[in-house]
Amino acid sequence: YSLGFSQAPWKYKAYSLGWRAAYVDFGKIKADTQWTYLEPQQPGVSGEDCDTKTLEGCRGRARIMQRTRGVTLGGLVERSCGDLTLGLEGGGFYYYGVFEVNHNSFPDANTLPPGHFKWGSRHLTGYYGGTLRYGYLFATGRVYGRVRADEEGCGGCTGLANGRVVQIGVGMQIPLR
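Source: prediction; values computed, not measured. (Residues numbered from 1 in each chain as written. Predicted model: local features only at pLDDT ≥ 70, side-chain atom pairs only at ≥ 80, totals over all residues. Heavy atoms only, no water.)

*Asks:* An account of the overall build of the chain is needed here, citing residue identities and associated values.
*Replies:* Secondary structure assignment for the chain yields 0 helices and 7 strands. Reading the chain from its N terminus to its C terminus gives the helix and strand order β-β-β-β-β-β-β. Computed over the C-alpha atoms, the radius of gyration of the chain is 23 Å, more than 25% above the 16 Å expected from 2.2 N^0.38 for a compact globule of 177 residues. Projected onto its principal axes, the C-alpha coordinates of the chain cover approximately 75 × 30 × 25 Å. Among the 177 residues that make up the chain, the fraction classed as buried is 32%. (Helix = DSSP H or I, 4+ residues; strand = E, 2+ residues; numbered from the N terminus. Rg over C-alpha atoms; globule rule 2.2 N^0.38 Å. Buried < 20%, exposed > 50% of the residue type's maximum accessible area, 1.4 Å probe, protein only.)

In structure tokens form, the structure reads like this:
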């Protein structure tokens, strides 16, 4: 979801020019995965005959979560055509992405020690989008350049999402004047 404020106080011919700021929360991405501890055994071991010293026959399970939220600030241009208003916008998205992994052995969670990893980082990426408004109702679409959660200084460690995000929404605009 997002919650924003915008203002278009300047005019240029038939266009209104202004800015938009918003809080954006992309929610959570979750995954529940299983793997073998030794790559050559993939995908064939059950984990029931796990050798805890060599990891032969061991299977693991991980529950993974990524969450991204931040703020946007950008310029906008709007043009009204009768009851419809078309708007284009673009700017920056400053966000915090967090990635968390909880893993253990499978099917017996106590065969090997469990693990927990969590990291997050702040990033800035660009966005662009468009809005179609009719009265107080609107539909909008935005494209965000690169959204990720990674470990600072890791050089390539990323969470589940690591790329462009497309956001489509409908909502209501309420004038504050």
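*Asks:* Talk me through the nonpolar core; I want residue IDs and the actual numbers.
*Replies:* Core analysis: the biggest nonpolar cluster contains 8 residues, these being Ala-22, Val-24, Phe-93, Tyr-95, Tyr-127, Tyr-144, Val-147 and Val-165. If we skip the residues at most four places from it in the chain, Val-147 touches Phe-26, Thr-68, Phe-93, Tyr-95, Ala-161, Asn-162, Gly-163 and Val-165. Listed in part, the 6 residues of the second largest apolar core include Ile-64, Phe-99, Val-101 and Ala-149. (Core = buried A, V, L, I, M, F, W, Y, C linked by side-chain atoms within 4.5 Å. Contact = heavy atoms within 4.5 Å.)

*Asks:* Run through the side chain of Arg-148, naming residues and quoting values.
*Replies:* Looking at where Arg-148 falls in the secondary structure, it is placed in strand β6 (residues 137-150). Taking the relative accessible area as the measure of exposure, Arg-148 reaches 16% and is therefore buried. A polar atom in the side chain of Arg-148 sits 3.0 Å from the side chain of His-123. Among the polar contacts made by the side chain of Arg-148, one reaches the side chain of Asp-150 at a distance of 3.2 Å. Setting aside residues no more than four positions away along its own chain, Arg-148 makes contact with Gln-66, Tyr-95, Gly-97, His-123, Ala-161 and Asn-162. (Polar contact = N/O pair within 3.5 Å; in protein donor to acceptor, adjacent residues only side chain to side chain.)

*Asks:* Describe the environment of Leu-137, naming the residues involved and giving the relevant values.
*Replies:* Considering the arrangement of structural elements, one finds Leu-137 in strand β6. Counting along the chain gives 34 residues from Leu-137 to Gly-171, while the straight-line C-alpha distance between them is 5.9 Å. Not counting chain neighbours up to four residues away, the residues in contact with Leu-137 comprise Leu-132, Gly-171 and Met-172.

*Asks:* Which residues make up the packing of aromatic side chains, and what are the values?
*Replies:* Taken as a whole and assessed by the stated rule, the structure comprises 8 aromatic pairs. Each ring, one from Trp-35 and one from Tyr-37, has its centre 5.7 Å from the other, and the planes form 45 degrees; the classification is tilted. Aromatic rings pair up to connect Phe-26, Phe-93, Tyr-95, Tyr-127 and Tyr-144 into one cluster. Arg-79 extends its terminal NZ or CZ atom over the ring of Tyr-15, reaching a point 5.4 Å from the ring centre. (Phe/Tyr/Trp six-rings, centres within 6.5 Å; stacked < 30°, edge-to-face > 60°. Lys NZ or Arg CZ within 6 Å of the ring centre and 35° of its normal.)

*Asks:* Explain the pairing of strand β5 (residues 115-134) to me, using residue names and the numbers behind them.
*Replies:* Here 20 bridges tie strand β4 (residues 84-106) to β5, and the two strands are oriented antiparallel to one another. Bridge pairing in β5 links Phe-93 to Thr-125. Inspection of the sheet shows β5 paired to β6 by 8 bridges, in the antiparallel sense. Across the sheet, residue Tyr-127 finds its bridge partner in β6, namely Tyr-144. In sequence, β5 turns back onto β6 through a hairpin of 2 residues, with Gly-135 there showing a positive phi of about 60 degrees. (Pairing = 2+ DSSP bridges.)

No statement about biological role is implied by the geometric values presented.
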